[in-house]
Amino acid sequence: MMGTDMTYPVLPNGRYNTITHEKAIGATYTPKILADFVAKKILETTQCLSLKNKIRILDPAVGSGELLNSILELLTQKDILQIEVVGFETNQMALNFTMDRLQRKFPNIDLHLYTEDFLEFVLKRYEKMDQHSSSDEGYDLIIANPPYVRTQILGANQSRLLAQHFKLSGRVDLYHAFIVGISQVLKAQGVAGIIVSNRFMTTKSGAFVRQLIRDRFNIRYIWDLGDTKIFNAAVLPSVLLLEGCNSQLVSEKPGFTSIYETNSTSESYAQNPVEALSMEGHVKLEDGRCFLVQHGYLNISGPRDAVWRIATKTSDSWLATVNAHTWNTFQDIGKIRVGVKTCADKVFIRSDWQHFFNNERPELLRPLTNHYIARRFKALELGNKSYQILYPHEVVNGKRQAVDLSFYKRDRIYLEMHRAVLEERKYVTDTGRKWYEIWVPHDPSAWNNIKLVFRDISEKPTFWIDQSGSVVNGDCYWLISKKSDQTDLLWLAVAVGNSTFIETFYDYRFNNKLYAKRRRFITQYVNEFPLPDPKSPTGIAIIEMAKEIYNCIGTQKADILAKELDRLVWVAFGLR
C-alpha cells in the first residue's frame, strides 16, 4: 500500500484542496505480486544472517496486510519456533480486516496489531532520533510500504512538524520520516524491505534522504520499478533492501536493477514486470509493453549528495569517454532559471489581447515563450494565437521594481478590474510588494538577450534559441550567457541539447523517467549536460550548423542538417 491513513496529512487550503482522500493519506495498497517479491528478497538476504528460533517482524503501515501475508507464507514453511508480528495502522476498518485475515490463516503466530500511528510510536519511545532499539526490543525483519504523501499535499505546517521531530531537512515527504523511524527499530543484523517512490534517488530535494539511508543502513540492493505501473496511483516505485547499520563487511557496490518502458522490440517474454526483473535486456510483457531491464550496481562513489543511478561496465565506460572529451558544462555558460510565475495566469497571460479595443489594450504587453510554441532550434509562430504577458516590471538604476501604474492608464484600468483576485495572493503583498506584481518576475533587462529555452517534461529533449526578447513562462527553463561575447556557446548548447547523444547521456547519468517514457529536463540535470570544445574544428562546425538549421527551420534542408549535426555531436565526444 503506498500507504495508509496517518495523523499527519491533512487537506490544506488552496491548490490541492480538491485531491482525493486516498491521495491525501497516501492509500495505495500493495499488489500481491510485488508483496511476494519483497518478502522473497528479504528472506534471501536473511538466510545469509541465519534465521533464529524467534523472529520479530514489523509492518509500520499495515493496510490490507498484503505484505505481512506474503512474508508469513514464506516464514511458516521454515523451522522457526516462534514468530512475533507487530503492525501499526490508523484505519480501524483496515486493521480489523487484516487482523481477522492473518489470525485465520496463521493461527500459531504471536500477532499484535495496533490502531496507532507508527511515527508517534517512535517519537514516544525514542527521545533522540539517533537512538536505536536494543537487541531485545528491535525487529529482525521489517517489511513496509509507507504512505507516499508529497510536500504540497502535506501542507507547510505538517512538513515542518515532521522535519522538526525527525530531524529532516529540505523538502519533506511523509515516507522520509518512516525511513528514519524504521532505522530506529531495525536490529543491527536485521533486514528491511521498503517500497518507496523512486523520486528521492534522482532529485536535489532527495539528497538528505540519500545521505540518511547511507548513514543509518547497510544498502544491499535497489530495484527501480520505473514506469511499470504496478500501482494504480501515479507513483514510480522502487524497492530498497536494507540491513541494519553494523560493522559487518558488505559489498561496496550494492546491487541495482532498473526497468523502464521502451519502444524497442524483443524476443524475450514475461508475464508481468516483476517476473521481468529476473531477466535482462529488452523484455516484452503479455500486455504488449516492452521494457529494458538492466542489472548493475549503485554508484555511490561520488559526492554524498550525488544522485543514485544504476551503473554498469557499459555505462561507466561510456561516461568516462564523454568526460574525457568534455570542455565544460551547461552551468558554465550561465545560470539556468525556471520561467516567470504569476500565480494568476488568467489575469496576466492571454492569447486574445488583440480582441481588445486599441484604447483598452494594456501597454505593458510582451511576447511570451511557453511550451505551446516549443520546437527544436526555433520556436513555432502561432500568429494571432500567440500568447502575451502583461509584465508590470522594469529596471531603474540597475534595480528591478514594479512600474508606476499612474503612467499606464490602460494597464491600471485592466488590473483594477482583477484587483480582488490579485490581492488574494497575500504572499505577494505580505513581503511589501505591490498587489499587481508578478510573483516571480526575474530581471526585466535579461529578456532582450539571446536565450536558450527548453521544456521541462518531454519524451525527447526540446531546446531552442529565442531572439525575440520574449518573457519565458514557468513551464520552461531558460539560460543566457554570462558574457555577451560568448553567445556562440548557446548555439553549441542547443545542438547538444537536441541530440540523441544527450538522450543517452541523460539515461546513463540520471536514469530518471516519468510515465510514457518522458524525461524531466530540470536545472539539476541540465546543469551537468556536457559541452565539447567550441574552438575545435568539430565544435566550430556544430555552432555554424546549428545557426543554419535555425535560419531554415521547417524545411527539408533543416531536417537533413539536423541529422548531420546529430552525428557531429557524437563525434565531438569521441563516440559513434
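In the nomenclature of an unreviewed UniProt entry, the protein corresponds to site-specific DNA-methyltransferase (adenine-specific) from the organism Sporotomaculum syntrophicum. Per UniProt, the protein has the following entry under Catalytic activity (unreviewed entry): "a 2'-deoxyadenosine in DNA + S-adenosyl-L-methionine = an N(6)-methyl-2'-deoxyadenosine in DNA + S-adenosyl-L-homocysteine + H(+)".

(A) Fine view of the overall build of the protein. Within the protein, the regular secondary structure consists of 21 helices and 27 strands. Looking at the protein as a whole, 54% of its 576 residues are labelled buried. Considering only contacts in the protein between residues 6 or more positions apart, those separated by 24 or more positions represent 75%. Summing over all exposed atoms, the protein offers an accessible surface of approximately 26100 Å²; the carbon and sulfur share of this is 48%.

(B) Structural detail: the sheet that holds strand E24 (residues 471–472). A sheet is described by the order of its strands in space; here 4 strands give the open sequence E15-E18-E16-E24, paired in mixed fashion. The open sheet terminates on both sides in strands that have one partner only, identified here as strand E15 (349–350) and E24.

(C) Structural context of the packing of helix H3 (residues 66–75) against helix H4 (residues 92–105). Put simply, H3 and H4 touch, their axes get as near as 10 Å, and they point 10° apart. Here H3 lies roughly parallel to H4, going by the angle between them. Residue-level inspection shows Glu 66, Leu 68, Asn 69, Leu 72 and Glu 73 of H3 in contact with H4, the latter providing Arg 101, Leu 102 and Lys 105. Considered class by class, the residues forming the contact of H3 with H4 number 3 nonpolar, 1 polar and 4 charged.

(D) Focus on the sheet that holds strand E14 (residues 337–338). Taken in spatial order, the 5 strands make up an open sheet running E14-E25-E21-E23-E17, and their pairing is mixed. Whereas interior strands pair on both sides, the edge strands pair on one side only; in this sheet they are E14 and strand E17 (377–378). Pairing between E17 and strand E23 (residues 463–466): 2 bridges, direction parallel. Counterpart to Lys 378 in the pairing with E23 is Ile 465. Strand contacts of helix H17 (residues 488–497): E17, strand E21 (451–455), E23 and strand E25 (476–479), with the helix running at about 155° to E23, the strand carrying the most contacts.

(E) Inspection of the confidence of the model for the protein at higher detail. On average, the protein scores 88 in pLDDT, and the residues at 70 or more come to 87%. Contacts of residues 1–27 to residues separated by more than four positions or lying in other chains number 91 contacts, the stretch itself having pLDDT below 50.

(F) Region of the structure containing H4. End to end, H4 covers 20 Å across 14 residues, agreeing with the expected 20 Å (1.5 Å per residue, within 8%). Among all positions of H4, only Ala 94, Leu 95, Thr 98 and Leu 102 are buried. All buried residues of H4 project into a common sector of 95° when viewed along the axis, lining one side. Across H4 from its buried face, at more than 90 degrees, point the exposed residues Met 93 and Arg 104. The distance from a side-chain oxygen at the start of H4 to the backbone nitrogen of Met 93 is 3.0 Å, and the residue carrying that oxygen is Asn 91.

(G) Structural view of the pattern of salt bridges. In this structure the tally under the stated criterion is 26 salt bridges. When the shortest N-O distance is used, the salt bridge between Asp 100 and Arg 104 registers 3.0 Å. Here Asp 100 pairs with Arg 104, and both are found in helix H4, just 4 residues apart, close to one helical turn.

(H) Geometry of the nonpolar core. Within the largest apolar cluster, 50 residues are counted, with the highest numbers of intra-cluster contacts made by Phe 330, Leu 452, Phe 463, Phe 501, Phe 505 and Phe 529. In this structure, Leu 34, Ala 39, Ile 230 and Leu 241 belong to the second largest nonpolar core, which totals 43 residues.

(I) Focus on the packing of helix H5 (residues 118–125) against helix H8 (residues 174–185). With their axes 10 Å apart at the nearest point, H5 and H8 run at an angle of 45° to one another. As summarised for this structure, H5 and H8 are arranged oblique, according to the angle between their axes. Crossing handedness for the pair H5 and H8: left-handed. Facing Phe 118, Leu 119 and Val 122 of H5, the residues of H8 in contact are Leu 174, Ala 177, Phe 178, Gly 181, Ile 182, Gln 184 and Val 185. Of the residues in the contact of H5 with H8, the class split is 8 nonpolar, 2 polar and no charged.

(J) Structural context of a nonpolar patch on the surface. Together, Tyr 372, Leu 380 and Leu 382 line one region of the surface with nonpolar side chains, adding up to about 260 Å² of accessible area. On the secondary structure map, Leu 380 appears in the loop between E17 and strand E18 (388–390). A residue is classified by how much of its surface remains accessible, and Leu 380, at 35% relative accessible area, is partly exposed.

(K) Highlighting the side chain of Arg 289. Tracing the sequence through the fold places Arg 289 in the loop between strand E10 (281–285) and strand E11 (290–298). Among the polar contacts made by the side chain of Arg 289, one reaches the main-chain carbonyl oxygen of Thr 228 at a distance of 3.0 Å. Other than its neighbours up to four places away in sequence, Arg 289 contacts Asp 227, Thr 228, Lys 229, Glu 261, Pro 273, Val 283 and Lys 284.

(L) Representation of the pairing of strand E4 (residues 139–144) in the model. In terms of burial, E4 is a largely internal element, 6 of the 6 residues being buried. As paired strands, E4 and strand E5 (residues 186–197) are joined by 5 bridges and run parallel to one another. Counted as the bridge partner of Leu 141 is Val 191 from E5.

(M) How the structure looks around the environment of Trp 435. Here Trp 435 lies in the loop between helix H16 (426–429) and E21. In sequence terms Trp 435 and Glu 424 are 11 residues apart; their C-alpha atoms lie 8.9 Å from each other. Dropping the residues within four chain positions of it, Trp 435 is found in contact with Leu 415, Glu 416, Arg 419, Leu 422, Glu 423, Arg 425 and Thr 429.

(N) Summary view of the packing of aromatic side chains. Tallying each qualifying case throughout the model produces 36 aromatic pairs. Each ring, one from Phe 88 and one from Phe 121, has its centre 4.8 Å from the other, and the planes form 35°; the classification is tilted. Taken together, the positions of Phe 88 in strand E2 (residues 82–88) and Phe 121 in helix H5 put the pair 33 residues apart, joining distant regions of the chain. Accessibility classification places Phe 88 together with Phe 121 in one group, the buried group.

(O) How the structure looks around unusual backbone geometry. One non-glycine residue, Cys 343, lies in positive phi territory at about 60°. On the secondary structure map, Cys 343 appears in the loop between E14 and helix H13 (345–348). Residue classification places Cys 343 among the partly exposed residues on the basis of a relative accessible area of 41%. With phi around 75°, Phe 377 is a residue other than glycine that occupies positive phi space. Residue classification places Phe 377 among the buried residues on the basis of a relative accessible area of 7%.

(P) Region of the structure containing the pairing of E11. Bridging between strand E8 (residues 255–262) and E11 involves 8 bridges; their strand directions are antiparallel. Its bridge partner lying in E11, Tyr 260 is registered against Leu 292. For E10 and E11, the ladder comprises 4 bridges, and the chain directions are antiparallel. In the strand pairing of E11, His 282 is matched with Leu 292. In this structure, E11 lies alongside strand E12 (residues 310–311), joined through 2 bridges in antiparallel fashion. Opposite Leu 298, over in E12, you have Ile 310 as the bridge partner.

Procedures and definitions
Residues numbered from 1 in each chain as written. Predicted model: local features only at pLDDT ≥ 70, side-chain atom pairs only at ≥ 80, totals over all residues. Heavy atoms only, no water. UniProt positions renumbered as here; feature names shortened; annotations may be inferred. Helix = DSSP H or I, 4+ residues; strand = E, 2+ residues; numbered from the N terminus. Buried < 20%, exposed > 50% of the residue type's maximum accessible area, 1.4 Å probe, protein only. Contact = heavy atoms within 4.5 Å. Areas by Shrake-Rupley, 256 points an atom, 1.4 Å probe, with all protein chains shown as cover. Pairing = 2+ DSSP bridges. Axes fitted to C-alpha atoms, helices over the stretch in contact; angles between N-to-C directions. Parallel < 35°, antiparallel > 145°, perpendicular 65-115°, else oblique. Nonpolar A, V, L, I, M, F, W, Y, C, P; charged D, E, K, R; others polar. pLDDT = per-residue confidence, 0-100. Expected span 1.5 Å × (residues − 1). Arc of directions from axis to C-beta. Polar contact = N/O pair within 3.5 Å; in protein donor to acceptor, adjacent residues only side chain to side chain. Salt bridge = Lys/Arg side-chain N within 4 Å of Asp/Glu carboxyl O. Core = buried A, V, L, I, M, F, W, Y, C linked by side-chain atoms within 4.5 Å. Left-handed = near helix turned anticlockwise from the far one by under 90°. Patch = residues over 30% accessible without salt bridge, like charges linked within 9 Å, V, L, I, M, F, W, Y side chains within 5 Å. Phe/Tyr/Trp six-rings, centres within 6.5 Å; stacked < 30°, edge-to-face > 60°.

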